Amino acid sequence: MGKVVINPAELAQSAHKYRKELLQVPMHSMRKTTQYMTVRRGIRFKETVGELSGDIELGPYSETRVDDDDIKANGRTLETFFGSVVKNFSPNSVVKSIYDSAITKGEQLTNVEIARRVLAFLSAKLGHNLAAHIFDAVRNDNGTKSKDLFNGFDTIMTAEIGAATPTVSTDLGNLFEFDAAINANNAIDQLTAMCESASDLLVDNDDREVNLYCSRAIYRAYLKDYQASNGALPYNNEFYKPVIEGFENVHFVPLYNMAKSPYVYLTPRSNMLVGVNQEDEEEDIAVEKHAAFVLQFIATMFFGVQFESLSPENLMVGKLHV
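Described in the following lines is the structure provided in the data block. Worth saying up front: this structure is predicted, and the values here are computed from it rather than measured.

**Some remarks on the overall build of the protein chain**
Now for step 1: When you go through the protein chain residue by residue, the secondary structure sums to 9 helices and 13 strands.
Now for step 2: Relative to its full complement of 322 residues, the protein chain shows a buried share of 44%.
Now for step 3: Counted over contacts in the protein chain with a minimum sequence separation of 6, partners at least 24 positions apart contribute 74%.

Quick look at the structure:
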């Protein structure tokens, strides 16, 4: 069978026809991370999120007592930044790699299908690179990479801890500072101590699951420590421990993109917000002719992250020991 060859017109037509589908591809390629978070769609630039705080109590009957304490709305801003990319590429080089992996499709491998695969391949790369920096990205107006587009979770947290009036601190009950580097000899003690210092409303709430977001290295250290401490238990034959011992609603979420993170986060998935748009005409994926053998892949998207709440009832941040 002769090889399928596509031309610029087929790529451009496919980009236009499947625009909405292609805009979803970057998000699909981020699922290894965002499946443990809450994705908010339809956000252009900024949206106020947050929680209500306050209290109210019944007391002995009184005709004169009035509770005048305020109910406060603690607003936070989920900001999505508008990003763009224009990439020159040779369709021949991309098609070759994709064609070789799909050759078993035989006669069903049409020009249209190859065009869609090329566009999906390039769109997926956008998502992979956003996910890689979802924690450590730092907004830089003059930058050119995914890590420059938005402020990641770690960047936001560092600003909250270091603010003139900190919103995350040991005094407020939403920060735990580890006294030693976590390793295979102390991981159980260190992570258990963090959970024990967290609010009971966070870790002892049977109505919701709480995630412990950490690096894969920290999770592996916990497994090794647990096996060494409980090696004789039949339970340990599979060398797998999805929760913190003693805190059965606290589930490990080890993430590759936290490998260099200075923090671990104890919080429900509803508190880790990922903002995208996916709806308006400003977001687009297109292909245009650039030169004789070179095309331009053009994409625009909104993206950003935020913690919905910093209250101890919803978040405990563990600051790793350096």
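**Structural notes on the nonpolar core**
Now for step 1: Ile134, Phe135, Phe153, Met157, Tyr265 and Phe303 are the most contacted members of the largest nonpolar core, which totals 32 residues.
Now for step 2: Elements with a contribution of two residues or more to this core: helix H5 (111-132), helix H6 (153-162), strand E8 (247-255), strand E9 (263-267), strand E10 (272-276) and strand E12 (295-307).
Now for step 3: Not counting residues within four places of it along the chain, the set of residues in contact with Phe153 comprises Met37, Ile134, Phe135, Tyr265, Met272, Leu273, Val305, Gln306 and Phe307.
Now for step 4: Among the nonpolar cores identified, the runner-up in size contains 27 residues, and Phe176, Leu191, Leu202 and Val264 belong to it.

**Here we look at the environment of His133**
Now for step 1: Topologically, His133 is positioned in the loop between H5 and H6.
Now for step 2: In this structure, the C-alpha to C-alpha distance between His133 and Lys147, residues 14 residues apart in sequence, is 5.5 Å.
Now for step 3: Apart from residues no more than four positions distant in its own chain, His133 is found in contact with Ser146, Lys147 and Phe150.
Now for step 4: At a separation of 3.0 Å, a polar atom in the side chain of His133 contacts the side chain of Asp136.

**Considering a positive patch on the surface**
Now for step 1: Taken together, the side chains of Lys32, Arg216, Arg220 and Lys224 define a basic patch exposed on the protein surface.
Now for step 2: With 3 residues, the single largest contributor to the positive patch is helix H9 (residues 216-229).
Now for step 3: Of note, Arg216 is situated in helix H9.
Now for step 4: Residue classification places Arg216 among the partly exposed positions, given a relative accessible area of 42%.

**Quick word on the environment of Val39**
Now for step 1: Looking at the secondary structure, you find Val39 in strand E1 (residues 38-40).
Now for step 2: Note: C-alpha distance between Val39 and Gly275 (236 residues apart in sequence) is 5.9 Å.
Now for step 3: The contacts of Val39, once residues within four sequence positions are left out, are Met27, Thr34, Val274 and Val276.

**Describing the pairing of strand E13 (residues 316-319)**
Both faces of the sheet carry side chains from a regular strand, because those side chains alternate between them.
Now for step 1: Pairing between strand E5 (residues 175-177) and E13: 3 bridges, direction parallel. Paired with Glu177 across the strands is Lys319, a residue of E13.
Now for step 2: As paired strands, E9 and E13 are joined by 4 bridges and run antiparallel to one another. Residue pairing for E13: Tyr265 is matched across the bridge by Val317.

Cut-offs used in this document
- Each chain has its residues counted from 1, running along the sequence as written.
- Totals for whole chains, interfaces and linings use all residues, but because this is a predicted model, local features are given only for residues with pLDDT of at least 70 and pairs of side-chain atoms are given and counted only at 80 or more.
- Values reported for side chains reflect all heavy atoms of the structure, with hydrogen atoms and water molecules removed beforehand.
- Segments assigned H or I by DSSP are reported as helices when at least four residues long, segments assigned E as strands when at least two residues long, and all are numbered from the N terminus.
- For every residue, the accessible area (1.4 Å probe, protein chains only) is compared with the maximum for its type, and the residue is labelled buried under 20%, exposed over 50%, or partly exposed between those bounds.
- Contacts are residue-level and defined by heavy atoms, with any inter-residue pair within 4.5 Å sufficient.
- In plain words, nonpolar cores are sets of buried Ala, Val, Leu, Ile, Met, Phe, Trp, Tyr and Cys residues tied together by side-chain atoms within 4.5 Å.
- We call two N or O atoms a polar contact when they sit within 3.5 Å, provided that within protein one can donate a hydrogen and the other can accept it, with sequence-adjacent residues counted only if both atoms are side-chain atoms.
- Note on patches: the residues involved have over 30% relative accessible area and no salt bridge, like charges join within 9 Å, and the nonpolar side chains Val, Leu, Ile, Met, Phe, Trp and Tyr join within 5 Å.
- Using a 1.4 Å probe, the Shrake-Rupley method yields the accessible areas, and only the shown protein chains count as cover for residues.
- Definition used for salt bridges: Asp or Glu carboxyl oxygen within 4 Å of a side-chain nitrogen of Lys or Arg.
- All tallies of charge rest on Lys and Arg as positive and Asp and Glu as negative; His and the ends of each chain are not included.
- Charge placement uses NZ in Lys and CZ in Arg. For Asp and Glu, CG and CD serve respectively.
- Between any two strands, pairing holds if DSSP finds at least two bridges.

Read these as layout, nothing more, since geometry by itself doesn't imply function.
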